[in-house]
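# A closer look at the structure
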Amino acid sequence: MKDYVGLLLIAITLCCVSAGEISLDRNSRIVNGLNAANTPYNAYVLYLNSANSGFFGGGSLISDRHVLTAAQNIAGFVRWEVGLGSTVFGQLNIQISSQAVAHPSFNMANRANDIGFIVLPQPIVFTALISPIQLPIQGRNLPYENEEGMIVGFGFNSVGGQVRSDFLKVGYQRVISDSRCVGIYQITLPNHFCAEDSVMRSNVCNGDLGAGFVVSDRRIDTLVGVASLITASCDSTSPTGYTRVLQYRQWIRDNTGV
């Protein structure tokens, strides 16, 4: 990835992490993930500042012009390269955007209201390889505790890895109790939830932040979370914190029409 653009890689290793501490570790991956099948809503997002430095994360296509992602991938940045349409990194279709909106109450310190969207310069023509994901229906408090969801990304895929994955990786996690979640991160309920994989130990890291947590709601893939929080060690055992999309459903509709 370093040959593609100038990236600012921040790697801060902390030996001891207090509850709720936010990681700036940029060693990024879906740890213990498997190669993903076609995931037509998934977006690779490279975000850059005015000095052409930045990093990468994920997002989810929610309309022909909008990619939902984490506000941390938007605030302070001026350009976004969005890749769609393939599980192979080198075959992604790229659009370059200069327009994105972070939630007005986003707080980088504790990742409150960590949600936003990128506006694509050209409408997407939907195909079998590129299509939007459904958003949750208001009134249904998704996801439920112990519900399994799927997360995908192109982040580094081994502990201590330094190379972006050439193939989209997938992991499966189950939602844990709110009481455990607030013991790990300084969050406001119900705006966040946490999930983990206690079997295969798949997990996300910074290079996957902004990616969608997707569940099957009445047999329809539904975007219910946006990857937002990780521990500093970025390990395979600590739960991931997600922004709960349902809490921002009206804000999304008011600002995107979706």
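Quick look at the structure, then. (Residues numbered from 1 in each chain as written. Predicted model: local features only at pLDDT ≥ 70, side-chain atom pairs only at ≥ 80, totals over all residues. Heavy atoms only, no water.)

### Remarks on the packing of aromatic side chains
This structure, assessed with the given rule, holds 10 aromatic pairs. Measuring from ring centre to ring centre gives 5.6 Å for Phe89 and Phe154, while their planes differ by 75°; the resulting arrangement is edge-to-face. Here Phe154 lies in the loop between β9 (148-153) and β10 (169-175) and Phe89 lies in the loop between β5 (79-84) and β6 (93-97), a separation of 65 residues in the sequence. (Phe/Tyr/Trp six-rings, centres within 6.5 Å; stacked < 30°, edge-to-face > 60°. Helix = DSSP H or I, 4+ residues; strand = E, 2+ residues; numbered from the N terminus.)

### As for the pattern of salt bridges
Evaluated as defined, the whole model comprises three salt bridges. When the shortest N-O distance is used, the salt bridge between Arg79 and Glu81 registers 2.7 Å. Taking the shortest distance from any N to any O, the salt bridge between Asp217 and Arg140 comes out at 2.5 Å. Of this pair, Asp217 sits in strand β12 (residues 212-217) while Arg140 sits in the loop between β8 (116-119) and β9, and the two are 77 residues apart along the sequence. With a relative accessible area of 6%, Asp217 lands in the buried category. (Salt bridge = Lys/Arg side-chain N within 4 Å of Asp/Glu carboxyl O. Buried < 20%, exposed > 50% of the residue type's maximum accessible area, 1.4 Å probe, protein only.)

### Observations regarding the side chain of Ser63
Relative to the helices and strands, Ser63 is located in the loop between β3 (54-61) and β4 (66-69). The buried category is assigned to Ser63, whose relative accessible area is 11%. Only 3.1 Å separates the side chain of Ser63 from the backbone nitrogen of Arg65, close enough to count as a polar contact. Within the structure, the side chain of Ser63 is placed 2.7 Å from the side chain of His66, a separation counted as a polar contact. Ignoring sequence-local partners within four residues, the contact set of Ser63 consists of Phe126, Pro132 and Val258. (Polar contact = N/O pair within 3.5 Å; in protein donor to acceptor, adjacent residues only side chain to side chain. Contact = heavy atoms within 4.5 Å.)

### Details of the state of the cysteines
Considering all chains together, one arrives at one disulfide under this definition. Here Cys181 is linked by a disulfide to Cys194, with a sulfur-sulfur distance of 2.0 Å. Classification of the bridge connecting Cys181 and Cys194 rests on its S-S torsion, roughly 60°, and on that basis the disulfide is right-handed. With Cys181 in helix α1 (residues 178-182) and Cys194 in strand β11 (residues 192-196), this pair connects stretches of sequence that are 13 residues apart. With a relative accessible area of 0%, Cys181 lands in the buried category. Under the relative-accessibility criterion, Cys194 is labelled buried at 1%. (Disulfide = S-S within 2.5 Å.)

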